[in-house]
Amino acid sequence: MLRRAHLYADAGADALLIHSKKSTPDQVLAFARAWTRPVPLVIVPTMYYSTPVEVFEQAGIRLVIWANHNARAAITAMQRVSRTIFAERSVANVEDQIAPVKEIFRLQNAAELEAAEDRYLPRRAETLNAIILAASRGSELGAATADRPKAMIPVAGVPLLHRLVGQFRAVRTKQVTVVRGYAKDHVTAPDAEFVDNDEYEGTGELLSLFKARHRLEGDVILSFGDILFRRYILQNLLTEEGDLILVADAAWQARRQRDDYYVDYIRATRPHSLRYEPDEPVWLADIGPKIPAAEVHGEWIGLLRGTPAGTARLRDALTELSARDDFRRLRFDDLLRHLLAQGAKIRVLYITGHWLDVDNLADLEAAQAFA
């Protein structure tokens, strides 16, 4: 062994790693005593792990590597967490014991990556407009919305509405329009314009959209004002092809379901698939809370995009519905079903989670962790 080590040193090795499968350090210490060359010695004491480091220092060993302990510790932790999640069917009791998502982003230096994307990726033309519907109070949030709508509730220190506006500005939106109603004087957002819906009380979302119908021009994103979603969802929506595209969560069954909530379930031409099927677009077939559970393919998250042609069709349908006696009570699913009845093609972009809406205090607590 010494002869081979001398050959490595003569060939210019920067260091020599010596190894032993014994549970004691006898072999490596004997080698270290016999080694007289200036090339430093390195060991990996996996088997003789109980030996104090001072013993290696006294033997002249320059570097000790514990190479696999982090990996082995991670495996133990993952097994423990997985057993808990499987047994409890929840992550409630493990969330506080693991690294937060923001720590993962910090280790990845995600901010540097975003800056690089902003600097080097091709820039989109600033032609996109966004309309955010934020007129409702959110009465289930109780005292938290006594003097402000739920869109202005802080999530991790930043109002929900500000987060939405920031996401749209990050994709170089030309104009962001916010439809406000309840406690409108407390509704603010940087770089946004406002349209007031003073008739918000007891009315559906279509009335708020109707108030902003003059903004339905060109390439438009429509968004509810009480949702949070990961950045990639908006990016994928902007690259998807189709005149009208809505985002639907195929993992809808994993979300809390309450009989007194109005949920926009969707039925599509086919369910979500894990297979990559670029040539098989998914089209909306029906939307609304009354779709039988066996036929539900997802839940609309409150995010929709229209190209200039799609937006024009959306605006025309809105105008047609405004002539109905019950228009003030109509909701978004009424508008989309009206379009479907006219033969409109509405594309479905499936996601699997990575979003939430804020309807009550439990949602607000979840939003703090999500953000």
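Residues numbered from 1 in each chain as written. Predicted model: local features only at pLDDT ≥ 70, side-chain atom pairs only at ≥ 80, totals over all residues. Heavy atoms only, no water.

From N to C terminus, the protein includes 12 helices and 16 strands. Taking 2.2 N^0.38 as the reference for a compact globule, 371 residues should give roughly 21 Å; the C-alpha atoms of the protein span a radius of gyration of 29 Å, well beyond that estimate. Reported as C-alpha extents along the three principal axes, the dimensions of the protein are approximately 100 × 45 × 45 Å. Counting the 371 residues in the protein, one finds 42% classified as buried. Contacts in the protein between residues far apart in sequence, at least 24 positions, make up 71% of those at least 6 positions apart. For the protein, the exposed area adds up to about 20,800 Å²; of that, 52% sits on carbon and sulfur atoms. Seen as two clouds, the 47 positive and the 50 negative side-chain charges of the protein have centres 6 Å apart. (Helix = DSSP H or I, 4+ residues; strand = E, 2+ residues; numbered from the N terminus. Rg over C-alpha atoms; globule rule 2.2 N^0.38 Å. Buried < 20%, exposed > 50% of the residue type's maximum accessible area, 1.4 Å probe, protein only. Contact = heavy atoms within 4.5 Å. Areas by Shrake-Rupley, 256 points an atom, 1.4 Å probe, with all protein chains shown as cover. Lys, Arg positive; Asp, Glu negative; His and termini not counted. Charge placed at Lys NZ, Arg CZ, Asp CG, Glu CD.)

Taken together, the side chains of V101, I104 and F105 define a hydrophobic patch exposed on the protein surface, amounting to about 250 Å² of accessible area. Mapping F105 onto the fold places it in helix 5 (residues 101–108). (Patch = residues over 30% accessible without salt bridge, like charges linked within 9 Å, V, L, I, M, F, W, Y side chains within 5 Å. Salt bridge = Lys/Arg side-chain N within 4 Å of Asp/Glu carboxyl O.)

This next bit is on the packing of aromatic side chains. Each aromatic ring pair is characterised by the separation of its centres together with the angle its planes make. Enumeration over the complete set of coordinates arrives at 9 aromatic pairs. Seen in terms of ring centroids, F210 and F327 are 5.5 Å apart; in terms of plane orientation they differ by 75°. Their pairing is edge-to-face. Of this pair, F210 sits in helix 8 (residues 205–211) while F327 sits in the loop between helix 10 (308–321) and helix 11 (332–341); the two residues are 117 residues apart in sequence, bridging distant segments of the chain. Ring pairing ties together the aromatic residues F224, W300 and F332, which thus form one cluster. Sitting above the plane of the F210 ring, R213 keeps its charged end 3.8 Å from the centroid. For R331, the ring lying beneath its charged end belongs to Y262, and the centroid distance is 3.8 Å. (Phe/Tyr/Trp six-rings, centres within 6.5 Å; stacked < 30°, edge-to-face > 60°. Lys NZ or Arg CZ within 6 Å of the ring centre and 35° of its normal.)

One finds F168, L246 and L303 to be the most contacted residues of the largest nonpolar core, which totals 68 residues. Looking at this core, the element that brings in the most residues is strand 4 (residues 128–134), giving 6 residues. Formed by 15 residues, the second largest nonpolar core is a distinct cluster that contains V28, I43, Y48 and I61. (Core = buried A, V, L, I, M, F, W, Y, C linked by side-chain atoms within 4.5 Å.)

Attention now moves to unusual backbone geometry. The phi dihedral of R89 is positive, around 55°, even though this residue is not glycine. Of note, R89 is situated in the loop between helix 4 (69–88) and helix 5.

In terms of burial, strand 11 (residues 244–249) is a largely internal element, 6 of the 6 residues being buried. Residue alternation in strand 11 divides its side chains into two sets, L244, L246 and A248 and I245, V247 and D249, and both sets are buried. Pairing geometry for strand 11 and strand 14 (residues 298–306), over 5 bridges, is antiparallel. Residue pairing for strand 14: L246 is matched across the bridge by L304. In terms of strand pairing, strand 11 meets strand 15 (residues 347–351) through 5 bridges, oriented parallel. Bridge pairing links D249 to I351 in strand 15. (Pairing = 2+ DSSP bridges.)

What follows is about the sheet that holds strand 1 (residues 16–18). In space, the 3 strands of this open sheet follow the order 1-2-3, with parallel pairing throughout. A single partner strand is all that each edge strand has here, and the edge strands are strand 1 and strand 3 (63–64). Note that strand 2 (residues 41–43) and strand 3 share 2 bridges and pair parallel. Directly across from I43, in strand 3, lies its bridge partner V64.

The subject of this paragraph is the side chain of D219. Counting through the fold element by element, D219 comes out in strand 9 (residues 219–224). Within the structure, the side chain of D219 is placed 3.2 Å from the side chain of R305, a separation counted as a polar contact. (Polar contact = N/O pair within 3.5 Å; in protein donor to acceptor, adjacent residues only side chain to side chain.)

Counted according to the given criterion, the structure contains 19 salt bridges. Residue R37 pairs with D10 through a salt bridge whose shortest N-O separation is 2.4 Å. In this pair, R37 sits in the loop between helix 2 (26–34) and strand 2 while D10 sits in helix 1 (residues 2–10), placing the two residues 27 residues apart along the sequence. Classification of D10 by relative accessible area gives exposed; the value is 54%. Here R215 makes a salt bridge to E193, at a shortest N to O gap of 2.5 Å. Here the residue R215 occupies a position in the loop between helix 8 and strand 9, and E193 occupies one in strand 8 (residues 193–196), the gap between them amounting to 22 residues. On the basis of relative accessible area, E193 is assigned to the partly exposed category, the value being 36%.

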